[in-house]
Amino acid sequence: MEHGIYVIQDKKFNEVLVSLRLIFDLSQEDVTKALVLTQIFSDRLEKYPTKKLMTQLKDELYGAKLNARTYSVGKHQIIDLSVLGINEKFVAEDLHKEYIKVLEEVLYHPLINDITIKEAKKNVYQKLKRSEENPSTYAFYKALQLAGKDQVFGISMLGYEDELTHISVNSINNFHKNLIEAAYKEIYMVGDVEMIHMEGLNPSKEESVIKTKITPGYHYESYESTQTEIIQFYETDINPEHPLYYAYLTFIAYLGQSPSSLLFQNVREKESLCYSIYASQLIYDGVFFISTSIDANNEEKVIDLISKQFDLIKNDDLDLTSTKRYLKNQFDGLSESTRQLLEFEFRNNRLNQDTTQKDLIKAFMDVEVEDVKAVIEHIKEPFTFVYRGVNNEEN
């Protein structure tokens, strides 16, 4: 690893993935600006000011795919600028250097003007509105904002409508300038590729992990539907450095990730009380959640039955065989994808770890039943949000 450059060398891939990561503090003040700027990054550049010219640029790179996205990891917001293209060994050109040059153009010279700002704001607004129209998406983000109120955890990565109205060419130019100057910058290269130098990189040595406080409680909203969404957020003090961390991940999988999980088998299959149900962890935030879509009449039954699954883990005999097999299969596939290899390396950096794929699998295989049961003592009562369907048949 050179200063800020991470190369994951793997000769089996015919393609090369190059990703430039911008890492900066997640804040409600800036999240909407970052969403708008990310739209512009993937749209047009000063050197290529029309969509036609952008298409020609990609054609000149043999159909390379240029992508920009933004998301959060704990206390940080990430902007990922990436190029996925063929390996230069198939052509008589220095394609890998060209991929770097394109990313430099994207980062330093996006086309920011009244037209691109208007289009980007429209795209962010439409995505925000679509999320509000999707009951499960709306319920998740509403629960997150309520459970994480006044904390980084509660900042919505969909952005804020009132912030959109105040965004201008000037505000995006200022945000872009500050990003160039202050954001951590790292570049990742995956495939049969050698290290290529890039100026201006500034790798982060900060962990992204934060401690989130979840106050137990219950909140609901009603909307016209026969379906109800339930989201429960649970606080835990188990972080990636905790001795029970892999037992905790095994606990989540046993509870509600694999087809043999308790939530799937006992709530969905045996009782037929929900359309879908699963558990997942937010590893950078010290939180996990349960999400389910149910018939509006089954709310109390489902909440009660979810609670009983924790009692089963605590008191019953557990067979972790299928759960460990599920987890092993998840990580066995890492090496088959350039994107997954890159994200694993990026995860290690955000956690300040140097874990290998084999290390992970061994850690899961070493988890004992007693470890999984011990996780229960590190979980607090949940915050529950119910997006309750009300069927007004007379209307």
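This one's a predicted model, so the numbers in the text were calculated from it and none came from an experiment. Position numbers for residues count from 1 along each chain, tracking the sequence in the order it is written. Predicted model: local features are reported for residues with pLDDT of at least 70 only, side-chain atom pairs are reported and counted for 80 or more only, and whole-chain, interface and lining totals are derived from all residues. The side-chain quantities take in all heavy atoms of the structure and omit both hydrogens and water.

Undergrad: Sorry, what's going on with the pattern of salt bridges here?
TA: Side chains carrying opposite charge are able to pair once their charged atoms draw close together. Each salt bridge in this description consists of a side-chain nitrogen of Lys or Arg and a carboxyl oxygen of Asp or Glu lying within 4 Å of one another. By the definition in use, this model includes 28 salt bridges. For K11, the salt bridge identified is with D192, shortest N-O distance 3.4 Å. Separated by 181 residues along the polypeptide, K11 in the loop between β1 (5-9) and β2 (15-25) and D192 in the loop between β5 (184-191) and β6 (217-224) bring together distant segments of the chain. The buried label goes to any residue with under 20% of its type's maximum accessible area, the exposed label to any with over 50%, and the partly exposed label to all in between, with areas taken from a 1.4 Å probe on protein chains only. Its relative accessible area of 59% is what places K11 among the exposed residues. Elements are defined by DSSP. Helices are runs of H or I of four residues or more, strands are runs of E of two residues or more, and each kind is numbered from the N terminus.

Undergrad: So what exactly am I meant to see when it comes to helix α3 (residues 95-108) here?
TA: Every α-helix carries 3.6 residues per turn, so stepping three or four residues along brings you back to the same face. Look at α3: 20 Å from first C-alpha to last across 14 residues, which is about the 20 Å you get at 1.5 Å a residue. Taken as a whole, α3 has its buried residues at L95, H96, Y99, I100, V102, L103, V106 and L107. Taken around the axis of α3, the buried residues stretch over an arc of 160°, which confines them to a single face. One fewer than the residue count of a helix, multiplied by 1.5 Å, yields its expected span. It is the directions from the helix axis to the C-beta atoms whose arc is reported.

Undergrad: Honestly, the environment of I196 in this entry has me stumped. Any pointers?
TA: With respect to the helices, strands and loops of the structure, I196 is situated in the loop between β5 and β6. With a relative accessible area of 14%, I196 lands in the buried category. When near neighbours in sequence (up to four residues on either side) are disregarded, I196 contacts I5, H96, K97, I100 and M189. What makes two residues a contact is simply this: any of their non-hydrogen atoms within 4.5 Å.

Undergrad: Would you mind going over the packing of aromatic side chains with me for this structure?
TA: Two measures describe an aromatic ring pair: the distance that separates the ring centres and the angle between the ring planes. Stacked, edge-to-face and tilted labels apply to pairs of Phe, Tyr and Trp rings (six-membered ring for Trp) whose centres lie within 6.5 Å, assigned for plane angles under 30 degrees, over 60, and everything in between, in that order. Enumeration according to the criterion identifies 22 aromatic pairs in this entry. For the pair F140 and Y141, a centre-to-centre distance of 5.4 Å together with 90° between the ring planes defines the contact as edge-to-face. Note on F140: relative accessible area 18%, which makes it buried. Taking relative accessible area as the criterion, Y141 reaches 23% and is therefore assigned partly exposed. A connected cluster of aromatic rings, assembled from ring pairs, spans F140, Y141, F153, F233, Y278 and F289. Only when the NZ of Lys or the CZ of Arg is both within 6 Å of the ring centre and within 35 degrees of the ring normal is a charge said to sit over the ring. Directly above the aromatic system of F346 lies the positively charged group of R21, at a separation of 4.6 Å from the ring centroid.

Undergrad: For this particular structure, what's the right way to read the nonpolar core?
TA: If you look at soluble globular proteins, the nonpolar side chains tend to sit buried side by side. The nonpolar core is taken to be a set of buried Ala, Val, Leu, Ile, Met, Phe, Trp, Tyr and Cys residues, with the residues joined through side-chain atoms within 4.5 Å. Counting 61 residues, the largest nonpolar core has F251, L255, F288, I290, F310 and I313 as its most contacted members. Here the element with the most residues in this core is helix α8 (residues 245-256); it accounts for ten residues. Sequence-distant contacts of I313, that is, excluding residues within four places in its chain, are made with F251, Y254, L255, L262, L318, V372, K373 and I376.

Undergrad: For this particular structure, what's the right way to read the side chain of H176?
TA: Within the element layout of this structure, H176 appears in helix α7 (residues 169-182). Residues contacting H176, with those up to four places away along its chain left out, are L37, F41, L107, Y108, P110 and I112.

Undergrad: Mind showing me how you'd approach the pairing of β5 here?
TA: Consecutive side chains of a regular strand alternate in pointing toward one face of the sheet and then the other. Most of β5 sits inside the fold, with seven of its eight residues counted as buried. Direction of pairing for β1 relative to β5: parallel, over a ladder of five bridges. Paired with I8 across the two strands is V190, which belongs to β5. Only strands joined by at least two bridges in the DSSP assignment are considered to pair. In terms of strand pairing, β2 meets β5 through seven bridges, oriented antiparallel. Bridge pairing in β5 places S19 opposite Y188.

Undergrad: Teacher, can you tell me more about the packing of α8 against helix α13 (residues 357-365) here?
TA: What describes two packed helices is the angle between their axes and the distance between those same axes. Only C-alpha atoms enter the line fits that serve as axes; for helices the fit covers just the stretch in contact. Angles between N-to-C directions range over 0 to 180 degrees. In contact at an axis separation of 9 Å, α8 and α13 are set at 75° when each is read in the N-to-C sense. Classed by the angle they form, the pair α8 and α13 counts as roughly perpendicular. Counted together, Y246, L249 and T250 of α8 and L360, A363 and F364 of α13 form the full contact between these two elements. Split into classes, the residues belonging to the contact of α8 with α13 amount to five nonpolar, one polar and no charged. An angle counts as roughly parallel when it lies under 35 degrees, as roughly antiparallel when it exceeds 145, as roughly perpendicular when it falls between 65 and 115, and as oblique in every other case. When residue character is reported, Ala, Val, Leu, Ile, Met, Phe, Trp, Tyr, Cys and Pro are called nonpolar, Asp, Glu, Lys and Arg charged, and the others, Gly included, polar.

Undergrad: Would you mind showing me how to read the sheet that holds strand β8 (residues 274-282) here?
TA: Whether parallel or antiparallel, the strands of a sheet pair through hydrogen bonds between backbone atoms. Spatial ordering of the open sheet is given by β6-β10-β7-β9-β8, a layout of five strands whose pairing is mixed. Two strands lie at the open edges of the sheet, namely β6 and β8, each paired on one side alone. Across the sheet, the mean angle from the axis of one strand to that of its neighbour is 10°, orientation sign disregarded. Sheet topology note: the strand β7 (residues 227-235)/strand β9 (residues 287-295) ladder contains nine bridges and is antiparallel. Its bridge partner lying in β9, I231 is registered against S291.

Undergrad: What exactly am I supposed to notice about the side chain of T38 here?
TA: Within the secondary structure, T38 sits in helix α1 (residues 28-41). Looking at T38, its side chain comes within polar contact range of the main-chain oxygen of A34, at 2.7 Å. For the purposes of these results, a polar contact is taken to be a pair of N or O atoms within 3.5 Å, where, inside protein, one atom must be able to donate a hydrogen and its partner to accept one; residues adjacent in sequence count only when each atom of the pair is a side-chain atom.

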